[in-house]
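Topology and contacts: notes
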Amino acid sequence: MLLVPFVLLLFSSYVFGQDEAAEGPIIGGIFYKNSDDLKVALEVGAKTFNFRTSIKEVSARGDVLGISKYVCELAEEGVIGIIDGTGGRASENIQALCDMLELPHVSIQHNDLYNDDWSVLNMQPSPSAYNMVLEELILHKEWRNFTVLYIKDYSMMRVSELLHLGNKTHPYVVSVRELSGDDYREVLIDAKHNGYTNFVVDCPSRNLEQLLLHAQQVGMMTDEHSYIFVSPDLFTLDMSRYRYGGVNMTGLRMVELNKTDNEKLWNFTMTFNQETGKTLEAEELKTQLLLVHDAVEIFAAAIKKVHVEAEQLSCENYKAWDYGSTLLNFMKTNKVDGITRSLIFNGLGDRTDVTFDILELTPAGNQTIGAWKNNRLIMDRPIVADAEIAQEPALRNKTLKVLIAISPPYGYYKLSHEKLEGNDRYEGFTIDIIDRLSQILGFNYEFEEEKDYGSLGENGWTGMCLALREDKADLAICDFTMTAERQMGIDFSTPFMTLGIGILYKQPSKQPPEMFSFMAVFSKEVWYYMVLIQVALGVTMIFVGHISYKEWQNPVPCIESPEELNNQFSFANSVWLIIGSVMQQGSEIAPIALAPRMITSVWWFFTMVMVASYVGTLVAFLIVEKNVMPFKTVEELYNHKSISYGAKKKGSTKQFFEESTSPIYQGMFKKMTRNGWLVGDNDVGVLKAETQQYAFFMESTSLEYYKERHCDLLQVGGLLDSKSYGIGMKKQSPYKKYIDDALLHMKERGEIEKMKNIWWKEKRGGGKCGEKHDEEQKQLGMKNMLGAFVVLGVGSLIGLFISIIDMLWGVFKRSVKYSTTFRYELVEELKFVIKFRGNIKPVKRNQKKSIEGSFEALAKAEGKDDIRSLHSIRSTETHRTHHSHSSRHSSRSLSVAFAKRRSYS
Ligand code: GLU
């Protein structure tokens, strides 16, 4: 036992004052064994503020006994307080003992189990502070939905309030995902498949690196994804590998990195590095280390204000430290500025009033974009500098002449009631691209219009190509197709868009449904299978009906002992039963034995599904009028008599037809030029397509744009080729490399795609037509109906199986009854079934009785079980009935005459 009982109330030798600094009071520390950095941080802090330390190491999480022992040991040593680096249940234990001993307990861990009764000083910002800042950040980001990712066994207290944003009163959709184990990829992939893009991540700083890595591995670090990290340690990590993916990462930082404002941080970093032999930068220090320093500082500031005398305490005597509560109160109320800024606590020891820097990861590195101060979010986002590209001096401050074309959506005249001048006159997709490039590369630009994109004609180069070649312009940007011919005269940047030639044509008029459109509900194969299955099932029913002994019934119920038994499963009856159910009419045939009943039920189920599917879809087929395209391919268009077609007069599309070796395209080109079907501009072609019988060949990008605005137009067929748009410049242009780099950068970050969406779908009448729905009704094919067929198949097989059991059971009973062998009866039964001579089965009986024909005698004989088995009557004569068909049976084979009526009744 380590406790020393007799030390009760023994005054410490550590009575301290200003001049006893070297013999300063002891601060206790309890840390896990692997928390070396925290221990060093405590030593460094103690050294700075003239304390001595006594550090205890807990070997394992949950080592409750160990922890109690250490707290008591520290109490015996006369510590003035304990800095607790453990957390969770361990902290709970420390807290319980500290409460009893009235020793100040300072925790540096975020604590899941934290509760208001604890008289603990928690250096971590309180959960409510986190909740507030996170909520404000989400509002600022205008997220409408987000997913909380948290680590298993780690508290969600810091984000718990966010879950309320998912209440009905808020317009947010909040989902929660737990990250468990060491592999977070599965959860992340699942989130990705669900289309989640905004995340609030609450995980301890030790898991951050792993999480980021896994997110990158599963492709969740792209410009679509946005994260807010709760841990204030995000930006202590090396984030360079995530900088360029376009991901938006926001994090918090508690320390002030400015050296003049926070000298303590730099001193602490220096001493910490000296003690550990590390070479960490101040911004790389984990927040917890700094909190240990600040905890020591709080002790130092408090004992400056209040006189305390250390005392050796014993856990066994439940004696509290006389100065404990006074010291703790001073620690709570004393305003101190630590490394992690103002250390302000509320009465419960929570750090509610915290200052955070809000940081964001940008391609240029980590940037502070705002702050959380006095419980308010102040955002102050600087323009993101594309640092690395911007360093290139080649284009900086140069003014480039850029050729553009007024061709929607690549270039428009700006709509304004004022007279605009210079570059202000234009807007559009390519204008935005140049603007962004100029931001990245630092050049100025001047636009000039040019209608002709340029080609190599008989008189040499024309249009934009000529201007670039003659240095009259530096760049040319529009829907400038990169062609081999142009490439001979000028250079192109890396492509910024890919496309192909498509056909624009107006929606064809609707045609009324055809006469037999009711047949189109099911695909052909479904109809075939339906017929086939009915035939197959008819045969199955006959078979099953014949081998199920209960189906052999007395045809004349008033005759107790009939001459023959009847089976209702004749071919006609079976087919009638089956067809009756398909038509939902039923029939009078009612199966008796289990197997036919089972098969009939499955069949009814099948017909119910089929009929419901048919009826459900039929209406749509009967009323929907179909678009009937007069042509579906270029070949059909070429062969069409009354539809004309064309392309832009001066452009790569016309050139495609001109240079094509295909006889169809050649023929088309001839017709276009000969008949004057070529047009001056895309606008003209679109108008013609809308108002005449005219198909316009245009580039898919432009086609998409016009389709969005002219709802009666559509693209027919696929694309005829594949090519790209690039920025034109003269051969060997010194700008090419930089423009290429910047364009690639923009593409990787999805900026071009975003611009495209804006100019195609939003601005200038975009989104007018909404999603065009394919009105074509979906025919129900085997894919849709397979389930019903499978159920039927399986059900029938089970029925078949039962009927075989049924038959075997009947055979067995007979063999017992007539003392024959099972095998013999089985062979006889099978012979009867296989021969299949009808639905009548004669009843075998004793000749004598038959001749007498007396019911009484028969009853008597039956009473004595006088009707013998086949085996026994083989030697006797067969009874011949007076009925012609039954006599047919009897005469054909004696072997079939074995059934005994009683067994069926
Ligand atoms: N993009 C084409 C060109 O660069 C113009 C449009 C067209 O020919 O369809 O010439």
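Residues numbered from 1 in each chain as written. Predicted model: local features only at pLDDT ≥ 70, side-chain atom pairs only at ≥ 80, totals over all residues. Heavy atoms only, no water.

1. Remarks on the site of the ligand
The following threshold applies: Put simply, a residue is near a molecule or strand once any heavy atom of it comes within 4 Å of that molecule or strand. Polar contact criterion, stated in full: a pair of N or O atoms within 3.5 Å, where within protein one must be able to donate a hydrogen and the other to accept it, and residues adjacent in sequence count only if both atoms are side-chain atoms. What sets the accessible areas is the Shrake-Rupley method with a 1.4 Å probe; for residues, cover comes only from the shown protein chains. Using only the protein atoms, space was sampled on a 1 Å grid; points where a 1.4 Å probe fits but cannot get out form cavities, open sets with protein on both sides within 12 Å along at least five of seven lines form pockets, and lining residues are those with an atom within 4 Å of a point. To qualify as sitting in a cavity or pocket, a molecule needs more than half of its atoms within 2 Å of the grid points. Throughout, the ten residues Ala, Val, Leu, Ile, Met, Phe, Trp, Tyr, Cys and Pro are labelled nonpolar, Asp, Glu, Lys and Arg are labelled charged, and all others, Gly among them, are labelled polar.
Around the ligand, the neighbouring residues are Y453, D479, F480, T481, R486, K648, G651, S652, T653, E699 and Y725. A distance of 2.6 Å is found between a nitrogen atom of the ligand and a backbone nitrogen or oxygen belonging to D479. Here an oxygen atom of the ligand sits 2.5 Å away from a polar atom, N or O, in the side chain of T653. Contact with the protein chains covers 100% of the free accessible surface of the ligand, which is 290 Å². Using a 2 Å cut-off from the grid points, one finds that the ligand occupies the largest cavity. Considered class by class, the residues forming the shell around the ligand number 3 nonpolar, 4 polar and 4 charged.

2. Quick word on a nonpolar patch on the surface
What counts is decided by this rule: Only residues whose relative accessible area exceeds 30% and that take part in no salt bridge are eligible for patches, with like-charged residues grouped when within 9 Å of each other and nonpolar side chains (Val, Leu, Ile, Met, Phe, Trp, Tyr) grouped when within 5 Å. By convention in these notes, a salt bridge is any Lys or Arg side-chain nitrogen within 4 Å of a carboxyl oxygen on Asp or Glu. Labels follow the DSSP assignment, with helices taken as runs of H or I lasting at least four residues and strands as runs of E lasting at least two, numbered in each case from the N terminus. A 1.4 Å probe rolled over the protein chains alone gives each residue an accessible area, and that area as a share of the maximum for its type sets the label: buried under 20%, exposed over 50%, partly exposed in between.
Together, M515, F516, F518, M519, V619, L622 and I623 make up an exposed nonpolar region whose accessible area comes to about 730 Å². Following the sequence through the fold, F518 ends up in the loop between β28 (510–511) and α15 (524–547). The class for F518 is partly exposed, based on a relative accessible area of 34%.

3. Points about helix α22 (residues 700–709)
Within α22, 8 of the 10 residues are buried, which leaves the element mostly enclosed by the surrounding structure. The complete set of buried residues in α22 reads S700, T701, S702, L703, Y705, Y706, E708 and R709.

4. Side note on the UniProt feature "transmembrane region" (unreviewed entry) in the protein
The following threshold applies: UniProt positions are given in the numbering used here, feature names are shortened, and annotations may be inferred rather than shown by experiment.
The UniProt record annotates "transmembrane region" (unreviewed entry) at residues 526–547, 602–624 and 786–812. The straight-line gap between the two end C-alpha atoms of residues 786–812 is 39 Å; of that span, 100% is helix and 0% is strand.

5. Concerning the state of the cysteines
Formally: Disulfides are defined in this document as cysteine sulfur pairs within 2.5 Å.
Counted under the stated rule, the structure contains 2 disulfides. In this model, C72 is linked to C315 through a disulfide, with the two sulfur atoms separated by 2.0 Å. Because the sign of the S-S torsion sets the handedness, a value of about -105° for the bond joining C72 and C315 places this disulfide among the left-handed ones. Here C315 lies in the loop between β12 (309–312) and α10 (324–333) and C72 lies in helix α2 (residues 64–77), a separation of 243 residues in the sequence. A relative accessible area of 8% places C315 in the buried class. Residue C711 pairs covalently with C769 via a disulfide, S to S 2.1 Å. Measuring handedness by torsion sign, the sulfur bridge of C711 and C769 sits at about -90° and is left-handed.

6. Quick notes on the sheet that holds strand β32 (residues 644–646)
Here is the rule we go by: For two strands to pair, DSSP has to find at least two bridges joining them. For helices, the axis comes from a line fit to the C-alpha atoms of the stretch in contact; other axes are also lines fit to C-alpha atoms, and the angle between any two N-to-C directions lies between 0 and 180 degrees. The contact criterion used is simple: two residues touch if any of their non-hydrogen atoms lie within 4.5 Å.
One open sheet accounts for 4 strands, arranged β32-β33-β27-β34; its pairing is mixed. The sheet terminates laterally at β32 and β34 (713–716), the two strands that pair on one side only. Each strand of the sheet is rotated relative to its neighbour by a mean of 30°, with strand direction disregarded. Contacting β27 (501–506), β33 (694–699) and β34, helix α21 (residues 682–691) runs over the sheet at an angle of about 145° to β33.

7. So, unusual backbone geometry
A cis amide bond links P408 to the next residue, P409, at an omega of 0°. A positive phi is found at E102, a non-glycine position, where the angle reads about 55°. Note on E102: relative accessible area 33%, which makes it partly exposed. Positive phi, normally seen in glycine, also occurs at E142, with a value near 55°. Looking at where E142 falls in the secondary structure, it is placed in the loop between α4 (127–141) and β7 (145–151). For E142, a relative accessible area of 63% translates into the label exposed.

8. Looking at empty space enclosed by the protein
As a reminder, the rule being used: Grid points are joined across faces, edges and corners, and a volume is the space filled by probe spheres set on the points.
Under the criterion given, the structure shown has 5 cavities of 30 Å³ or more. By volume, the largest cavity is sized at about 120 Å³. Lining the largest cavity are 13 residues, and of these D479, K648, S652, T653 and E699 lie nearest its centre. The element best represented in the lining of the largest cavity is β33, accounting for 3 residues. Looking at the lining of the largest cavity residue by residue, the class counts come to 3 nonpolar, 6 polar and 4 charged.

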